[in-house]
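Next come the chains, spelled out residue by residue.
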Amino acid sequence: MSAARGFASYLPALLIGAVGGAVFLYLRMPLAWMLGSMVFVGIAVLAGLNRRLPLRVHPHLRAAMIVVIGVMLGSAFKPDMIERAREWLGLVALMLVYVPVATALCYVIFRRFAGLDPVTSYFSATPGGLQEMTLVGEHYGGDGRSIILTHALRIFLVVMTVPVYFRFIERLDVPPMAQGAHLWQMLPLEGALLIACGAAGWFLARLLRIPAAVLVGPMLVSAIVHLLGWSSASPPPELVAAAQVVMGAALGCRFVGTPLREVGRIAAWAAFATFIMLALALGLTVGFAERVGINREALILVLSPGGMAEMSLVALGLGVEVAIVSSMHVFRIAVVVIAAPMAFRLLGLKRDS
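Per chain, the residues get numbers from 1 upward, laid out in the order the sequence is written. Per-residue local features of the predicted model are confined to residues with pLDDT of at least 70, and side-chain atom pairs are confined, for both listing and counting, to 80 or more; whole-chain, interface and lining totals are unaffected and use all residues. The basis for every side-chain value is the complete set of heavy atoms in the structure, and neither hydrogens nor water enter the calculation.

Colleague: An account of the overall build of the chain is requested, with residue identities and associated values reported.
Modeller: By definition, any uninterrupted DSSP run of H or I lasting at least four residues is a helix, any uninterrupted run of E lasting at least two residues is a strand, and each is numbered from the N terminus. When its secondary structure is counted, the chain shows 17 helices and zero strands. Throughout this description, buried means an accessible area under 20% of the type-specific maximum (1.4 Å probe, protein chains only), exposed means over 50%, and partly exposed covers the range between. Residues counted as buried form 52% of the 353 residues belonging to the chain. In this description, contact between two residues means that some pair of their heavy atoms is separated by no more than 4.5 Å. Across the chain, every contact between residues at least 6 apart in sequence was considered, and the portion connecting residues at least 24 apart equals 76%.

Colleague: Break down helix 2 (residues 11–26) for me, citing the residues and quoting the values.
Modeller: Take the number of residues in a helix, subtract one, and multiply by 1.5 Å to get its expected span. An ideal rise of 1.5 Å per residue puts 22 Å on 16 residues; helix 2 measures up with 22 Å between its terminal C-alpha atoms. All of the buried residues along helix 2 are Pro12, Ala13, Ile16, Gly17, Gly20, Gly21 and Phe24. Looking straight down helix 2, one finds its buried side chains confined to an arc of 165°; they lie on one side. Exposed and oriented more than 90 degrees from the buried face of helix 2 are Leu15 and Tyr26. In the segment just after helix 2, Arg28 is the residue with positive phi, at about 60°. Think of the arc as the fan of directions from the helix axis to the C-beta atoms.

Colleague: Pulling in residues and values, what's your account of the nonpolar core?
Modeller: In this description, a nonpolar core means a group of buried Ala, Val, Leu, Ile, Met, Phe, Trp, Tyr and Cys residues linked to one another through side-chain atoms lying within 4.5 Å. With 97 residues, the main nonpolar core has Tyr98, Phe110, Phe123, Leu299, Val302 and Leu303 as its most contacted residues. At ten residues, the largest contribution of residues to this core is made by helix 6 (residues 89–113). Once you skip the residues sitting within four places of it in the chain, Val302 turns out to touch Met95, Ile324, Val325, Met328 and His329.

Colleague: Which residues make up the packing of helix 6 against helix 14 (residues 260–288), and what values go with them?
Modeller: Angles shown run from 0 to 180 degrees and are taken between the N-to-C directions of axes, each axis being a line fitted to C-alpha atoms and, for helices, limited to the stretch in contact. The N-to-C vectors of helix 6 and helix 14 enclose an angle of 155°; their axes lie 10 Å apart at closest approach. With respect to each other, helix 6 and helix 14 are oriented roughly antiparallel. Of the two elements, helix 6 crosses helix 14, and the hand of that crossing is right-handed. From helix 6, Leu94, Tyr98, Val101, Ala102, Leu105, Cys106, Ile109, Phe110 and Phe113 reach across to helix 14, where they touch Trp269, Ala270, Phe272, Ala273, Ile276, Met277, Leu280, Ala281, Leu284 and Phe288. Classes in brief: Ala, Val, Leu, Ile, Met, Phe, Trp, Tyr, Cys and Pro nonpolar; Asp, Glu, Lys and Arg charged; the others, Gly included, polar. Residue composition of the contact of helix 6 with helix 14, by class: 19 nonpolar, no polar and no charged. Reported orientations rely on four angle classes, namely roughly parallel under 35 degrees, roughly antiparallel over 145, roughly perpendicular from 65 to 115, and oblique for the rest. Handedness of each helix crossing follows the sense of rotation of the near helix against the far helix: counterclockwise by less than a right angle gives left-handed, clockwise gives right-handed.

Colleague: Tell me about helix 13 (residues 237–253), and please be specific about residues and values.
Modeller: The end-to-end C-alpha separation of helix 13 is 24 Å, in line with the 24 Å expected for 17 residues at 1.5 Å each. Where burial is concerned, most of helix 13 is hidden: 14 out of the 17 residues are buried.

Colleague: Explain the packing of aromatic side chains to me, using residue names and the numbers behind them.
Modeller: Note on ring pairs: Phe, Tyr and Trp rings are taken, using the six-membered ring of Trp, and paired if centres are within 6.5 Å. Classes follow the plane angle, with under 30 degrees stacked, over 60 edge-to-face and the rest tilted. Under the criterion given, the structure shown has eight aromatic pairs. A centroid spacing of 4.9 Å and a plane angle of 50° characterise the contact between Tyr140 and Phe344, whose relative ring orientation is tilted. Placement of the pair is Tyr140 in the loop between helix 8 (130–139) and helix 9 (144–159) and Phe344 in helix 17 (residues 322–347), with a sequence separation of 204 residues. Arranged with centres 6.4 Å apart and planes meeting at 75°, the rings of Trp269 and Phe272 form a pair that is edge-to-face. Taken as a pair, Trp269 and Phe272 lie in helix 14 at a separation of three residues, close to a single helical turn. For Phe272, a relative accessible area of 38% gives the class partly exposed. A connected cluster of aromatic rings, assembled from ring pairs, spans Tyr122, Phe123, Tyr140 and Phe344. Lysine and arginine charges are scored as sitting over a ring when NZ or CZ, respectively, is within 6 Å of the ring centre and within 35 degrees of the ring normal. Geometry around Tyr10 places Arg56 over its ring, the cationic atom sitting 4.9 Å from the centre.

Colleague: An account of empty space enclosed by the protein is requested, with residue identities and associated values reported.
Modeller: Picture a little ball the size of a water molecule; that probe, rolled over the atoms, points out where space is still empty. Two kinds of site are reported from a 1 Å grid over the protein atoms alone, namely cavities, where a 1.4 Å probe fits but cannot get out, and pockets, open sets with protein on both sides within 12 Å along at least five of seven lines, and residues are called lining when an atom falls within 4 Å of a point. Grid points are joined across faces, edges and corners, and a volume is the space filled by probe spheres set on the points. Counted under the stated rule, the structure contains two cavities of 30 Å³ or more. Considering the residues around the second largest cavity, the lining is formed by Phe110, Ser124, Thr150, His151, Arg154, Ala270, Ala273, Thr274 and Met277. Those elements that provide at least two residues to the lining of the second largest cavity are helix 9 and helix 14. It is helix 14 that contributes the most residues to the lining of the second largest cavity, four residues altogether. In terms of residue class, the lining of the second largest cavity is made up of four nonpolar, four polar and one charged.

Colleague: Outline a nonpolar patch on the surface, listing residues and values.
Modeller: Distance thresholds for patches are 9 Å for like charges and 5 Å for nonpolar side chains (Val, Leu, Ile, Met, Phe, Trp, Tyr), applied to residues having over 30% relative accessible area and no salt bridge. Shrake-Rupley sampling with a 1.4 Å probe provides the accessible areas, and residues are treated as covered by the protein chains on show and by no other component. Salt bridges are counted wherever a side-chain nitrogen of Lys or Arg sits within 4 Å of a carboxyl oxygen of Asp or Glu. On the surface, Val19, Val23, Tyr26 and Leu27 cluster together to form a nonpolar patch covering roughly 410 Å² of accessible area. Structurally, Leu27 is set in the loop between helix 2 and helix 3 (32–46). By relative accessible area, which is 44% here, Leu27 ends up partly exposed.

Structure representation (structure tokens):
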């Protein structure tokens, strides 16, 4: 009976998150399940509903869903990426310029103007995924709630500018959730291989003490498996949607105890930092699109810091360079997740005492 009550205590946040995801899916918002879940749970927490209902997500469930996200990111790597690698050297070079410059500019904003501590400022400034930078930032002692808020604002603003522009101005139908073979269509052997990628990646990354092992390990093993052509499958949309609901609910629950005044203060600077990232992306697009041999629409999607899922779906709707856009965003996430902690250690940044 006590176990049942313990399980039931985690249901409110998941149910609220699922409702939020369904609403965002109905509105056809990109990354609907995660953003909808995070927004609805976050609003519930900030409105004080957590004083009446337990709003929390079991850490083991959250870890399992992070593994799913890691395998999904790795599945975006395809064998032909190796053959076409030389064609994308210019894009790789631009991305290697964009990531550190954007990070440095936004670090100054968060550190000197927003008044965040060095660790939180650094991992808030990196143009990586919301869940990735939250995991790594907390690992080094940063304020997870501030990191979540800054990256959530970045995602929202990019989603409300680039993809929404293509959808409502260009009248393109941008899918709101992951595509691919459904759960009931997946072959047992393919499913078993994806599960093995997640389990082996998590185990090896923990064994090697890689930061954010639960995410980075499955992503790397899945990427190797897909690059070698051993599998072309990715986690089914239903499982990815469930993972996004859980992740979004867990992120929304992080705002428990956060004053609205703090949310407003950080949000203003996060919006300004996002504007800087988009301006830098636009500047590089205008200056280098012709030199790297790619049209401006595709390059702005490559450099926009909105996440692989959002930008890849927009590229699919546009019908422009889907493989390049998705591959470069996978590359950006990999660079940020792997290189950001290494650069952090080299810089010797520490949380204020």
